[in-house]
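# Architecture at a glance
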Amino acid sequence: MSSITTAVAKAIEEIRRTFQGCDVEVEVDRSGGAVVVVRGVPMGFPYVLAKVWFAFHITYQYPHADVYPHFTNPELARSDGRGLGDGFGTASFRGQPAIQISRRSNRLNPVRDTAALKLLKVIRWMRDRT
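This write-up is about the structure you can find in this document. (Residues numbered from 1 in each chain as written. Predicted model: local features only at pLDDT ≥ 70, side-chain atom pairs only at ≥ 80, totals over all residues. Heavy atoms only, no water.)

Ranked by size, the top nonpolar core spans 33 residues in total, and within it Ile15, Val38, Phe54, Ile58, Leu76, Phe88 and Met126 carry the most contacts. Mapped onto this core, the elements with two or more residues apiece are α1 (6–18), β2 (34–42), β3 (51–58), β6 (96–101) and α2 (115–127). Sequence-distant contacts of valine 38, that is, excluding residues within four places in its chain, are made with Ile15, Phe19, Cys22, Asp23, Val24, Val52, Trp53, Phe54, Phe56 and Leu119. In terms of nonpolar packing, the next biggest core, distinct from the first, is built from seven residues, Val35, Val37, Ala55 and Phe93 among them. (Core = buried A, V, L, I, M, F, W, Y, C linked by side-chain atoms within 4.5 Å. Buried < 20%, exposed > 50% of the residue type's maximum accessible area, 1.4 Å probe, protein only. Helix = DSSP H or I, 4+ residues; strand = E, 2+ residues; numbered from the N terminus. Contact = heavy atoms within 4.5 Å.)

In structure tokens form, the structure reads like this:
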């Protein structure tokens, strides 16, 4: 991870600490950022999948750039049979089918709004959609 910025390296370490027990994969990009995939995140109700993966790109501008969008399993579905609703869309991630989750941070605070916190907020938003 020597070619990523110090801020991106710290973000990755915070993600590893926050999501202990999950597999965190990191692929360094060519500009100082990294693509991160967090596998085995507990999801459950209101979704049919007990565990999912989340992927996102932390750009070299981090922490002054939002971590957006997030991607997850293409087979994500609600247990009640309803559609996923606003904020979700069919997409691809690294050439594979995925669901894109669009939750932009409108008032980004680079001191407070970390990549780990953003993922936690995305997960909470998804779980609260009952």
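With six bridges connecting them, strand β1 (residues 23–28) and β2 associate as antiparallel partners. Counted as the bridge partner of valine 28 is alanine 34 from β2. Counting the residues in the hairpin turn of β1 and β2 gives five residues, including glycine 32, whose phi is positive at 100°. (Pairing = 2+ DSSP bridges.)

It is worth spelling out the pattern of salt bridges at this point. By the definition in use, this model includes eight salt bridges. Among the ionic pairs, aspartate 113 bridges to lysine 121, the shortest N-O distance being 3.7 Å. Residue classification places aspartate 113 among the buried residues on the basis of a relative accessible area of 10%. Taking the relative accessible area as the measure of exposure, lysine 121 reaches 36% and is therefore partly exposed. Connected through shared salt-bridge partners, Arg78, Asp80 and Arg82 make up one network. (Salt bridge = Lys/Arg side-chain N within 4 Å of Asp/Glu carboxyl O.)

All right, on to the sheet that holds strand β5 (residues 88–93) then. The six strands lie next to each other as β1-β2-β3-β4-β6-β5, forming an open sheet whose pairing is antiparallel. At either end of the open sheet lies a strand with only one pairing partner, and these are β1 and β5. Between one strand axis and the next, the sheet turns by 30° as a mean value, whatever way the strands run. Judged from the three bridges that link them, strand β4 (residues 70–72) and β6 form a sheet pairing that is antiparallel. Paired with threonine 72 across the bridge in β6 is isoleucine 99. α2 contacts β2, β3, β4, β5 and β6 of the sheet and is inclined by roughly 140° relative to β3. (Axes fitted to C-alpha atoms, helices over the stretch in contact; angles between N-to-C directions.)

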